[in-house]
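# Fold and contact review
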Amino acid sequence: LTAQSDRPSQVTSMGTAQSAPVTGAVRPPSVRLDANDDAPYERAMLAALDAKKPLPVRAVGGKSASLMRLYGTPGVSSYVPGGYAITVDFFAEWTAAVTASREWAAAEPKLGTPEGPRLCVGLKRLAQRLPLSAAQTACLDTVRRAMEAWPGRLAAVRSSAPEEDGTGASFAGVFETKLGVSPEGLEAAVRACFASVFDHRVFSYAGAHKPAFAATVMEMVDAATAGVAFSANPLNSDLDEMLVDAGYGLGESVVDGSIVADRFVWDKVGGRLLESKVGSKAQEVRLAADGGVEVRRVGAERQAVRSLSDEQLRQLAALVAAVEGAYGRPMDTEWAYTEAGELRL
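To start, this report covers the structure provided alongside it. What you see is a predicted model; the values in this text were computed from it and never measured.

Analysis parameters
- Residue numbering note: each chain is counted from 1, following its sequence as written.
- Totals for whole chains, interfaces and linings use all residues, but because this is a predicted model, local features are given only for residues with pLDDT of at least 70 and pairs of side-chain atoms are given and counted only at 80 or more.
- Based on all heavy atoms of the structure, the side-chain values leave hydrogens and waters out of the count.
- We count a stretch as a helix when DSSP gives it H or I for four or more residues in a row; a strand needs E for two or more, and each element gets its number in order from the N terminus.
- For the exposure calls, accessible area comes from a 1.4 Å probe over protein chains only, and a residue counts as buried if that area is under 20% of its type's maximum, exposed if over 50%, partly exposed in between.
- Note on areas: these come from Shrake-Rupley sampling with a 1.4 Å probe, and a residue is covered only by the protein chains present in the view.
- The rule is short: rings of Phe, Tyr and Trp, with Trp giving its six-membered ring, pair when the centres are within 6.5 Å, and they are stacked under 30 degrees, edge-to-face over 60, tilted in between.
- Between N-to-C directions, angles span 0 to 180 degrees; the directions come from axes that are lines fitted to C-alpha atoms, helices contributing only their stretch in contact.
- Any angle from 65 to 115 degrees is called roughly perpendicular, while one under 35 is roughly parallel, one over 145 is roughly antiparallel, and all others are oblique.
- Each crossing is labelled by how the near helix is turned from the far one, with a counterclockwise turn of less than a right angle marking it left-handed and a clockwise turn marking it right-handed.
- Whether two residues are in contact is decided by their heavy atoms, any of which lying within 4.5 Å being enough.
- By the convention adopted, Pro, Cys, Tyr, Trp, Phe, Met, Ile, Leu, Val and Ala count as nonpolar, Lys, Arg, Asp and Glu as charged, and the other residues, Gly among them, as polar.
- As used in this structure description, the phrase polar contact means that two N or O atoms lie within 3.5 Å; if the pair is within protein, one of them must be able to donate a hydrogen and the other to accept it, and residues adjacent in sequence are counted only when both atoms belong to side chains.
- Among buried residues, the Ala, Val, Leu, Ile, Met, Phe, Trp, Tyr and Cys ones that are joined through side-chain atoms within 4.5 Å form a nonpolar core.

## Some details on the overall build of the chain
Per the secondary structure count, the chain includes ten helices and 15 strands. Looking at the 345 residues of the chain, the share that counts as buried comes to 55%. Put simply, the chain shows about 14300 Å² of open surface, and 51% of that area lies on carbon and sulfur atoms.

## With respect to the packing of aromatic side chains
Between two aromatic rings, the relevant description is the distance of the centres plus the angle of the planes. Applying the stated rule across the entire model yields eleven aromatic pairs. The interplanar angle of 80° and the centroid separation of 5.8 Å between the aromatic rings of F90 and W94 together place this pair among those described as edge-to-face. Taken together, the positions of F90 and W94, both in helix α2 (residues 88-99) and four residues apart, correspond to about one turn of that helix. Each member of the pair F90 and W94 is classed as buried. With centroids separated by 6.2 Å and ring planes inclined at 75°, the aromatic side chains of W104 and F198 adopt a geometry described as edge-to-face.

## Some remarks on unusual backbone geometry
As a rule of thumb, non-glycine residues mostly have phi less than zero, and peptide bonds are mostly trans rather than cis. A positive phi is found at R153, a non-glycine position, where the angle reads about 60°. R153 sits in the partly exposed class, given a relative accessible area of 29%. In this structure, K281 takes a positive phi of about 45° despite not being glycine. Checked against the element boundaries, K281 lands in the loop between β11 (272-277) and β12 (283-287). Its relative accessible area of 0% is what places K281 among the buried residues.

## Details of the packing of helix α5 (residues 134-147) against helix α6 (residues 186-195)
Packing of α5 against α6 leaves a shortest axis separation of 10 Å and a crossing angle of 120°. When the interaxial angle is binned, α5 and α6 end up oblique. Considering only the axes of α5 and α6, their crossing is right-handed. Of the residues in α6, those touching α5 at L140, V143, R144 and M147 are L186, E187 and V190. When its residues are assigned to classes, the contact of α5 with α6 shows five nonpolar, no polar and two charged.

## Observations regarding the environment of Y248
When you line up the elements, Y248 lands in strand β9 (residues 241-248). By relative accessible area, Y248 is classed as buried at 7%. Dropping the residues within four chain positions of it, Y248 is found in contact with A224, T225, S253, K281, E284, V285, V298, R302, V305, R306 and S307. A polar side-chain atom of Y248 sits 2.8 Å from the main-chain carbonyl oxygen of R302. Engagement of the side chain of Y248 in a polar contact is seen with the backbone oxygen of V305, the distance being 3.2 Å.

## Observations regarding the side chain of R191
Of note, R191 is situated in helix α6. Given a relative accessible area of 10%, R191 falls into the buried group. Separated by 2.6 Å, the side chain of R191 and the backbone oxygen of L130 make a polar contact. When sequence neighbours within four positions are dropped, the list of residues in contact with R191 reads W94, A127, Q128, R129, L130, P131 and L132.

## As for the nonpolar core
One finds I86, F90, F91, F194, F198 and F213 to be the most contacted residues of the largest nonpolar core, which totals 44 residues. For F90, the contacting residues outside a window of four places in its chain are M45, L132, Q136, C139, L140 and V190. If you look at the next biggest cluster of nonpolar residues, it comprises 35 residues, including L49, M68, L319 and V320.

## Remarks on the side chain of T87
By the element assignment, T87 lies in the loop between β4 (83-86) and α2. Residues within four places of T87 in sequence aside, it is in contact with A44, M45, L46, A47, L55, A59, V60, F213 and A214.

Below you can see the structure in the form of structure tokens.
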């Protein structure tokens, strides 16, 4: 769950420093984190999202950098789940191994041809079977130990590539995400997310290039209701309106368009609901008992009920306004309410 400012204006209803230490950072809200930040930094394979020493976007990617920034924002930090950024340095040896391979040499000139998808399958297989170094193993062990104290011992593993979620390109939905990951499944999830950087969709979106990769591992939020919130209404460009798409369960079904989500328009100035459209919300994605996720059908009675109350919308609007204030521009956020009614960003 993160904040970013580059989604399309139309709303759907809806992965070398061998001895690098574990470190991390946060920048104050007044300092903009972006891919053009060339300040020197201490190389590391792993960075705690709530750590105090800065790492730039080019080290941890846009998603992790955004979360670090939010951790340092008063009025916002308490809503952000804990976690780690697995940095570009962690994946550098793997990336170098793939791009130096015979498979890459054969695939690179043909990535834009009809043969591209087939060749990328081979690149992804190679990416998944690369060996772990001692330093990489130590980083994953650090995350596993932290996960033992997380709710349900579960994590969300998401891409945070340096070129992702930027002002010029979003790569939305291109990289792999793994939800409900156990400590025992962490390595496999990290490998799968890394391999997705060689998916043909990446090269179709951005052209043939040698990629860099980083990932975010966060506490898994067992959401009862989740979705996206735009601090400015993208349908009419009204800066005084917040637009929210919401559904039951995890936000995945909202952002991938697999449901017709509820839609709310909230007056940020007057603090009142302007518009409410109840979607069918025919299914919900929930955490499975043994990890991972499962799709459940939503009964007709629940489908007809609003997924958010006015009071929840009021609380969400205040949080979204705080995020907007920290960045100084309209933002969209991914959010969730737990079964206990706790709001998470």
